[in-house]
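# Structural description and commentary
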Amino acid sequence: MDNYPLLNIFWTMLELFLWILWFFLLFKIITDIFRSHDMGGWAKAGWMLLVILLPLIGVLVYVIARGKGMGERDIAQAQKADAAFKQYIRDAAGSDAGAGEGPPGGRSHVDDLAKLADLKASGAISEEEYQKAKEKLLV
C-alpha cells in the first residue's frame with residue numbers, strides 16, 4: 001500500500017465509477033431496445049449487434065439517435081405504473097372514486113355508515129333498524 005499513491009486511488013475509484021455507470025447505461029439501452037414498439041425485429045437486432053459488438057460506440061450512437069424517445073418511453077412506463085398503483089390502492093381501500101363501481105353515486109360504505117349513525121342519533125331509526133342496516137352494509 002505504500003507504493004500506491006493517493007492520486008492513483010482516486011483515479012481507480014473514478015475508473016470504477018465510470019465502468020459501473022457505463023454498465024447501467026448499457027442495460028438501460030438494452031431494455032429500451034426491447035421495449036420500443038416503433039422498431040421492427042431487424043432494427044432491434046441491428047441495434048443489439050451494434051451495442052454488443054462495438055459497445056462504447058454503439059451506446060453513444062444509440063443515445064444520440066434515440067435518446068429523446070428513450071426518455072419519452074421511460075415517462076410513459078412510469079405513468080402506467082403509477083396509474084396501476086393508484087388503481088390498486090382504490091381497489092384495496094374499497095373506494096372506487098371515478099371508477100363507476102361500488103355504491104351508487106360514488107359513495108363508500110363509510111359514508112353510508114356515517115349517515116346511519118346520524119339517523120340513529122337523531123332518533124329517526126331505532127337501534128334494531130340501525131343494526132339491520134349496518135349488517136346489510138357490511139356484508
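First, a word on what this report is: a plain description of the structure on this page. (Residues numbered from 1 in each chain as written. Predicted model: local features only at pLDDT ≥ 70, side-chain atom pairs only at ≥ 80, totals over all residues. Heavy atoms only, no water.)

## Observations concerning the packing of aromatic side chains
Inspection of every chain in the model, using the stated rule, returns four aromatic pairs. Taking 4.8 Å as the distance between ring centres and 85° as the angle between the ring planes, the aromatic pair formed by Trp19 and Phe23 counts as edge-to-face. Of this pair, Trp19 and Phe23 both sit in helix H1 (residues 6-35), separated by four residues, roughly a single helical turn. A centroid spacing of 4.9 Å and a plane angle of 90° characterise the contact between Trp47 and Tyr62, whose relative ring orientation is edge-to-face. Taken as a pair, Trp47 in helix H2 (residues 41-53) and Tyr62 in helix H3 (residues 55-93) lie far apart in primary sequence, 15 residues in all. Under the relative-accessibility criterion, Trp47 is labelled buried at 16%. Tyr62 gets classed as buried once you look at its relative accessible area, which sits at 0%. An aromatic cluster is defined as three or more aromatic residues linked by ring pairs; in this entry it consists of Trp19, Trp22, Phe23 and Phe27. (Phe/Tyr/Trp six-rings, centres within 6.5 Å; stacked < 30°, edge-to-face > 60°. Helix = DSSP H or I, 4+ residues; strand = E, 2+ residues; numbered from the N terminus. Buried < 20%, exposed > 50% of the residue type's maximum accessible area, 1.4 Å probe, protein only.)

## What to know about the nonpolar core
Counting residues in each nonpolar core, the largest one holds eleven residues, listed as Leu26, Ile29, Ile30, Ile33, Met39, Trp47, Met48, Val51, Val59, Tyr62 and Met70. The greatest single-element share of this core, amounting to four residues, is contributed by H1. Setting aside residues no more than four positions away along its own chain, Trp47 makes contact with Ile33, Met39, Gly58, Val61, Tyr62, Ala65 and Arg66. (Core = buried A, V, L, I, M, F, W, Y, C linked by side-chain atoms within 4.5 Å. Contact = heavy atoms within 4.5 Å.)

## A few points about the environment of Asp74
Within the secondary structure, Asp74 is located in helix H3. Linking Asp74 and Arg35, residues 39 residues apart in sequence, is a C-alpha distance of 9.6 Å. Apart from the residues within four sequence positions on either side, Asp74 is in contact with Lys28 and Arg35.

## With respect to the side chain of Arg66
Checked against the element boundaries, Arg66 lands in helix H3. Arg66 gets classed as buried once you look at its relative accessible area, which sits at 15%. A polar side-chain atom of Arg66 sits 3.2 Å from a polar atom in the side chain of Asp38. Contacts of Arg66, omitting those with residues within four sequence positions, involve Ser36, Asp38, Met39, Trp47 and Arg73. (Polar contact = N/O pair within 3.5 Å; in protein donor to acceptor, adjacent residues only side chain to side chain.)

## Let's talk about helix H4 (residues 109-122)
For H4, built from 14 residues, the straight-helix expectation of 20 Å at 1.5 Å per residue is met to within 8% by its first-to-last C-alpha distance of 20 Å. One or two positions beyond H4, positive phi appears at Gly123, with a value near 90°. (Expected span 1.5 Å × (residues − 1).)

## Focus on H1
The terminal C-alpha atoms of H1 lie 44 Å apart, and with 30 residues this matches the ideal 44 Å at 1.5 Å per residue to within 8%. Taken as a whole, H1 has its buried residues at Leu26, Ile29, Ile30, Asp32 and Ile33. Along its buried surface, H1 packs onto H2 and H3.

## Focus: a nonpolar patch on the surface
Taken together, the side chains of Leu49, Ile52, Leu53, Leu54, Leu56, Ile57, Leu60, Val61 and Ile64 make up a nonpolar region of the molecular surface, amounting to roughly 940 Å² of accessible area. Sorting the residues of the nonpolar patch by element identifies H2 and H3 as the ones contributing at least two each. It is H3 that provides the largest number of residues to the nonpolar patch, a total of five residues. For Val61, the location among the structural elements is in helix H3. (Patch = residues over 30% accessible without salt bridge, like charges linked within 9 Å, V, L, I, M, F, W, Y side chains within 5 Å. Areas by Shrake-Rupley, 256 points an atom, 1.4 Å probe, with all protein chains shown as cover. Salt bridge = Lys/Arg side-chain N within 4 Å of Asp/Glu carboxyl O.)

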